[in-house]
Number of protein chains: 2
Amino acid sequence: MMTQIRKHQPSLTPKLAARRSGAIDVVLDPALFKALADSTRAVLVACIAKCGRGCSVGEVAECCSVDVSVVSRHLALLARAGVLEVSKQGRTVRYQVRYTDVSRSLRALADAIDECGPTSCGARDGGCC
Amino acid sequence: MMTQIRKHQPSLTPKLAARRSGAIDVVLDPALFKALADSTRAVLVACIAKCGRGCSVGEVAECCSVDVSVVSRHLALLARAGVLEVSKQGRTVRYQVRYTDVSRSLRALADAIDECGPTSCGARDGGCC
DNA sequence: CATACACTTGCATGATGACGCAAATACGCA
DNA sequence: TGCGTATTTGCGTCATCATGCAAGTGTATG
């Protein structure tokens, strides 16, 4: 889905054309942003990212002042959103940032926005939306 | 704030060093993501982005099924968040995407994440956070 | 000036979600 | 098997926010 074909093709449906060009409709998915919109989660992600290695729930909980149960819920949410990946070692659960995936998603959105820029698309077919 | 000095300086405070290197603490600001986390706002932003030119509130309201007042509030919020810029022409208010700013913010975060990647930072000074 | 249009704002409502505490589950270890 | 540690889950509460409707503000046009 992220590695779709980019070679030129004639007569694409609008939907496929959108995906192929990384149109902003497809890339601007609120799911990732919902995950990063909470300030506590932002701290947790930054904590794990800086750590580099996988962090246990208890370790991450020391980053902020909220309860461990809250941290556990936040990390599970971030994993579901694709921001983190989980690995279990015995009774400890380690979370790590999906560096390449998150970075790629952000760059895809940045690319889509750049493609929509006034220099590249100008006044299109008139109608708004 | 977006155009801070990037030239090399000796003896930076940690905060300044963080800003200079685009550390994830500073770049991972939930404000932008809060703005894009709502599905209705995502539609509105995509609508304006695809439009290329500035769109009036009424035009954007036709993109989705919510009331014009709701759209007005969403657009004002997005403008406060730095996603959109506003310009008034008579009695119509036009919103446009801050293409370069938003794109730059997203790439800065992607860069910060990449810098935190396991290949580039590995196991740092031991402690998590 | 009166009217119509474009937009904003006040207010009430319902939904979502973050949080803490307590209890439950999972697992290693003696 | 019993205990301690790590994590998850149930539940109640409080805050935030998205939405619609109605009323208000500002501006062009007759």
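Definitions and limits used
Residues numbered from 1 in each chain as written. Chains lettered and ligands numbered in written order. Predicted model: local features only at pLDDT ≥ 70, side-chain atom pairs only at ≥ 80, totals over all residues. Heavy atoms only, no water. Helix = DSSP H or I, 4+ residues; strand = E, 2+ residues; numbered from the N terminus. Buried < 20%, exposed > 50% of the residue type's maximum accessible area, 1.4 Å probe, protein only. Contact = heavy atoms within 4.5 Å. Areas by Shrake-Rupley, 256 points an atom, 1.4 Å probe, with all protein chains shown as cover. Least-squares fit on C-alpha atoms with pLDDT ≥ 70 in both. Near = heavy atom within 4 Å. Polar contact = N/O pair within 3.5 Å; in protein donor to acceptor, adjacent residues only side chain to side chain. Nonpolar A, V, L, I, M, F, W, Y, C, P; charged D, E, K, R; others polar. Pairing = 2+ DSSP bridges. Disulfide = S-S within 2.5 Å. Salt bridge = Lys/Arg side-chain N within 4 Å of Asp/Glu carboxyl O. Phe/Tyr/Trp six-rings, centres within 6.5 Å; stacked < 30°, edge-to-face > 60°. Axes fitted to C-alpha atoms, helices over the stretch in contact; angles between N-to-C directions.

**Quick word on the overall build of chain A**
Across its full length, chain A holds eight helices and three strands. Listed N to C, the secondary structure of chain A is α-α-α-α-β-α-α-β-β-α-α in terms of helices and strands. Buried residues in chain A amount to 40% of all 129 residues. Counting contacts in chain A only where the partners sit at least 6 residues apart, residues at least 24 apart contribute 51% of the total. Roughly 7000 Å² of accessible area belongs to chain A as shown, and the carbon and sulfur atoms make up 54% of that amount.

**Thoughts on the relation of the copies chain A and chain B**
The pair of chain copies shares a relation made of a rotation about an axis and a shift along it. The operation relating chain A to chain B is a screw motion whose rotation component is 180°, with 0.0 Å of axial translation and a residual RMSD of 0.1 Å. What the superposition gives is, in effect, a two-fold axis relating one chain to the other. Minimal C-alpha distance to the rotation axis in chain A is attained by A:F33, lying at 2.5 Å. An overlap of 100% is found between the interface residues of chain A and their copies at the interface of chain B, pointing to a shared contact surface.

**Things to note about the protein's contact with DNA strand D**
Near DNA strand D there are 22 residues, and of these A:S72, A:R91, B:T40, B:R73 and B:H74 occur at the shortest range. Of what DNA strand D places within 4 Å of the protein, 60% of the atoms are sugar or phosphate. Within the side chain of B:S69, an N or O atom sits 3.0 Å from a base nitrogen of DNA strand D. In this structure, B:R73 approaches DNA strand D through a side-chain N or O atom, which is 2.6 Å from a base oxygen. Those elements giving two or more residues to the surface near DNA strand D turn out to be helix 5 (57-61), helix 6 (68-80) and strand 3 (92-97) of chain A together with helix 4 (39-51) and helix 6 (68-80) of chain B. Tallied by class, residues from the surface near DNA strand D come to five nonpolar, ten polar and seven charged.

**Some details on the pairing of strand 2 (residues 84-89) of chain B**
All names here are of chain B. Pairing of strand 2 with strand 3 (residues 92-97), which is carried by six bridges, proceeds in the antiparallel orientation. Note that in strand 3 the partner of V86 across the bridge is Y95. Taking the residues that link successive antiparallel strands as the turn, the strand 2-strand 3 hairpin has two residues, and the phi of G90 there is positive, at about 65°.

**Digging into the state of the cysteines**
A disulfide bridge is the covalent bond that connects two cysteines by way of their sulfur atoms. All names here are of chain B. Following the criterion strictly, the structure yields two disulfides over all chains and no others. In this model, C47 is linked to C63 through a disulfide, with the two sulfur atoms separated by 2.2 Å. Placement of C47 in helix 4 and of C63 in the loop between helix 5 (57-61) and helix 6 is noted, with a sequence separation of 16 residues between them.

**Side note on the interface of chain A and chain B**
Taken together, the contact pairs 43 residues of chain A with 43 residues of chain B. On the surface where chain A and chain B come into contact, there are six salt bridges. Here A:R107 makes a salt bridge to B:D111, at a shortest N to O gap of 2.8 Å. With eleven residues, the single largest contributor to the side of chain A that touches chain B is helix 7 (residues 99-116) of chain A.

**A closer look at the pairing of strand 3 of chain A**
As judged from the two bridges shared by strand 1 (residues 55-56) of chain A and strand 3 of chain A, these two strands associate in the antiparallel manner. Bridged to A:S56 within strand 3 of chain A is A:R94.

**Some thoughts on the protein's contact with DNA strand C**
Near DNA strand C there are 22 residues, and of these A:T40, A:D67, A:R73, A:H74 and B:S72 occur at the shortest range. Counting only atoms of DNA strand C within 4 Å of the protein, the sugar-phosphate share comes to 64%. Separating a base oxygen of DNA strand C from a side-chain N or O atom of B:R73 is a distance of 2.8 Å. Taking B:V93, its main chain carries an N or O atom lying 3.4 Å from a phosphate oxygen of DNA strand C.

**Topic: the packing of aromatic side chains**
This structure, assessed with the given rule, holds one aromatic pair over all chains. Where A:F33 meets B:F33, the ring centres are 5.6 Å apart and the plane angle is 25°; that geometry is what we call stacked. Of this pair, A:F33 sits in helix 3 (residues 30-36) while B:F33 sits in helix 3 (residues 30-36), on two different chains. Judged by its relative accessible area of 2%, A:F33 is buried.

**Structural notes on the sheet that holds strand 2 (residues 84-89) of chain A**
All names here are of chain A. Taking strand neighbours across the sheet as the criterion, the three strands line up as 1-3-2 in an open arrangement whose pairing is antiparallel. Each end of this open sheet is capped by a strand with a single partner; those strands are strand 1 and strand 2. Against the sheet, helix 4 (residues 39-51) engages strand 1, strand 2 and strand 3, with an angle of about 90° to strand 3. Sheet strands in contact with helix 6 are strand 2 and strand 3, and its direction is about 120° off that of strand 2.

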